[in-house]
Amino acid sequence: MYREPHLQKKSDECAKIWYEWYKEKFKNKDEEKAKMLRKKWGQCVTKFGEMISQEVKTNPRYRDSNLR
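Rules of the game
Residues numbered from 1 in each chain as written. Predicted model: local features only at pLDDT ≥ 70, side-chain atom pairs only at ≥ 80, totals over all residues. Heavy atoms only, no water. Phe/Tyr/Trp six-rings, centres within 6.5 Å; stacked < 30°, edge-to-face > 60°. Helix = DSSP H or I, 4+ residues; strand = E, 2+ residues; numbered from the N terminus. Salt bridge = Lys/Arg side-chain N within 4 Å of Asp/Glu carboxyl O. Buried < 20%, exposed > 50% of the residue type's maximum accessible area, 1.4 Å probe, protein only. Contact = heavy atoms within 4.5 Å. Expected span 1.5 Å × (residues − 1). Core = buried A, V, L, I, M, F, W, Y, C linked by side-chain atoms within 4.5 Å.

Asker: An account of the packing of aromatic side chains is requested, with residue identities and associated values reported.
Answerer: Applying the stated rule across the entire model yields seven aromatic pairs. Measuring from centroid to centroid gives 5.8 Å for tryptophan 18 and tryptophan 21, while their planes differ by 50°, and the two rings are tilted. In this pair, tryptophan 18 and tryptophan 21 both sit in helix H1 (residues 5-27), three residues apart, roughly one turn of the helix. For the pair tyrosine 22 and phenylalanine 26, a centre-to-centre distance of 4.9 Å together with 45° between the ring planes defines the contact as tilted. Placement of both tyrosine 22 and phenylalanine 26 in helix H1 is noted, with a separation of four residues, approximately one turn of the helix.

Below is the structure:
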């Protein structure tokens, strides 16, 4: 769980895509759809990482922490 709502929303979005990918890859065995979802998930987590990085740099809560 994230304190910042926008980070939690993005985390939930990425998790949903991952579960969709897992279902297509291992349950439905649809390789094409799984490949598309894996790419979409990769883009999501990349964006999420950028959002976390920006939050750590700009949010006063983290200014004096050891996270940077």
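Asker: Lay out unusual backbone geometry in plain terms, naming residues and giving numbers.
Answerer: Positive phi, close to 55°, is recorded for lysine 29, a residue that is not glycine. Position of lysine 29 among the secondary structure elements: in the loop between H1 and helix H2 (31-58).

Asker: Go over the pattern of salt bridges with me, naming the residues and quoting the values.
Answerer: A complete count under the given rule lists five salt bridges for this structure. Its salt-bridge partner being lysine 10, residue glutamate 13 comes within 3.5 Å of it at the nearest N-O pair. Of this pair, glutamate 13 and lysine 10 both sit in helix H1, three residues apart, which is roughly one turn of that helix. Judged by its relative accessible area of 38%, glutamate 13 is partly exposed. On the basis of relative accessibility, which here comes to 14%, the residue lysine 10 falls in the buried class. For glutamate 24, the salt bridge is made with lysine 33, and the minimal N-O distance between the two is 3.9 Å.

Asker: Any details on the side chain of glutamate 24? Residues and values, ideally.
Answerer: Within the fold, glutamate 24 resides in helix H1. Every residue in contact with glutamate 24, bar those within four places of it in the chain, is listed here: Lys29, Asp30, Lys33, Ala34 and Leu37.

Asker: Quick rundown of the side chain of asparagine 59? Include the residues and the values.
Answerer: Among the secondary structure elements, asparagine 59 is positioned in the loop between H2 and helix H3 (60-63). For asparagine 59, a relative accessible area of 15% corresponds to the buried category.

Asker: Can you tell me about H2, naming the residues and giving the values?
Answerer: Given 3.6 residues to a turn, an α-helix orients residues that are three or four positions apart in the same direction. Relative to the 40 Å expected for 28 residues at 1.5 Å per residue, H2 spans 40 Å between its end C-alpha atoms, a close match to the ideal helical length. Taken together, the buried positions of H2 are Ala34, Leu37, Cys44, Phe48, Met51, Glu55 and Val56.

Asker: So, the nonpolar core: which residues are in play, and what are the values?
Answerer: Within the largest apolar cluster, six residues are counted, these being Leu7, Cys14, Ile17, Cys44, Phe48 and Met51. Mapped onto this core, the elements with two or more residues apiece are H1 and H2. With residues near it in sequence (within four places) discarded, isoleucine 17 still touches Leu37, Lys40, Trp41 and Cys44.

What is shown is where atoms sit, not what they do.
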